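Spelled out, the chains give:
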Amino acid sequence: MAPEPVPTVQQLLAFYLEAGVDCALADEPVDRLAEPDSATIAAPRETAPQKLVREMPVAAPSVSRSEIAAAPEAAIASARETARTAPSLEALRALLENFDGCALKRTATQLVFCDGNPQARIMFVGEAPGRDEDIEGRPFVGRSGKLLDRMIAAIGLDRSKAYIANVIPWRPPGNRTPTPQETQICLPFIQRQIELVNPDVLVTLGNPSTQTLLSTREGIMKTRGKWFDYDTGTRTIRAIATFHPAYLLRSPSYKRMSWQDLRAIAKELEKAISPSSSG
Ligand code: URA
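Calculation criteria
- Residues numbered from 1 in each chain as written.
- Predicted model: local features only at pLDDT ≥ 70, side-chain atom pairs only at ≥ 80, totals over all residues.
- Heavy atoms only, no water.
- Buried < 20%, exposed > 50% of the residue type's maximum accessible area, 1.4 Å probe, protein only.
- Helix = DSSP H or I, 4+ residues; strand = E, 2+ residues; numbered from the N terminus.
- Pairing = 2+ DSSP bridges.
- Near = heavy atom within 4 Å.
- Polar contact = N/O pair within 3.5 Å; in protein donor to acceptor, adjacent residues only side chain to side chain.
- Areas by Shrake-Rupley, 256 points an atom, 1.4 Å probe, with all protein chains shown as cover.
- Nonpolar A, V, L, I, M, F, W, Y, C, P; charged D, E, K, R; others polar.

Draft legend 1. Looking closely at the pairing of strand β4 (residues 201–205). Most of β4 sits inside the fold, with five of its five residues counted as buried. Going residue by residue along β4, you find Val201, Val203 and Leu205 tucked away on one face and Leu202 and Thr204 tucked away on the opposite face as well. Two elements, strand β2 (residues 122–126) and β4, share four bridges in a ladder whose sense is parallel. Paired with phenylalanine 124 across the two strands is valine 203, which belongs to β4. Pairing geometry for β4 and strand β6 (residues 236–242), over five bridges, is parallel. Bridge pairing in β6 links valine 201 to arginine 238.

Draft legend 2. Expanded view of the site of the ligand. Taken together, Gly126, Glu127, Ala128, Pro129, Glu133, Pro139, Phe140, Ser144, Asn166 and His244 are the residues near the ligand. Backbone polar atom of glutamate 127 to an oxygen atom of the ligand: 2.8 Å apart, as the coordinates give it. A distance of 2.8 Å separates a nitrogen atom of the ligand from a polar side-chain atom of asparagine 166. Contact with the protein chains covers 91% of the free accessible surface of the ligand, which is 240 Å². Looking at the shell around the ligand, its residues break down into four nonpolar, four polar and two charged.

Okay, here's the thing in structure tokens:
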């Protein structure tokens, strides 16, 4: 049998991009097949492209697969205990910087904690940082961030009068969907963040953030524009779901509905700021 042709670098890069790998995380390759927990798995025969891909330097978290998957329950309990103790947003950020219970931290460039004003009366929460946010260390700075800015402007505000965060504070590699375990591990931190910011209005952007924070299984088409009571543990605040800006970029026809949600948000905010002047 003729040996398989060796792929060119260009072909390999195209292969990576198609697989969702768009950044290199270390200079040295990691031989995953040499990890102890894979020793018992019978490895299929490698093709030439597979071998080259394995040997090229891409993601090299200094942790084995078994460690990454280990005991999510323990990590969730540790996250709850850790987040609970944060007396301020600065302390919460520092605790997150030191928290090792979520494997996403090892592949992300940095923590993406928040942007905007911690004194704001309105807080927006998205799902997880993307590539631009991972590089800059601030949420919603890419294309969808630009649209979020326009959404915030539509209610007469800007980032100096709004607070922005994500349920997950580290970029999932290749922008993959966070696993339910990763979400549950990060949840106590965003819950504490909401409690500490203590806004009058909480806006969840898109399905994952809405379902996670507002404890609903309904999809965004049903939840958007509806008001929820969000219990911070110390206070109940008004919460509303609306479309994620990234979704609006893909489906601009929903911008009209999003506009309706934003008008409802502006009205509620006005009510919260000056309860006597609004009906
Ligand atoms: N999408 C999100 O949900 N959050 C970001 O910060 C950027 C894009």
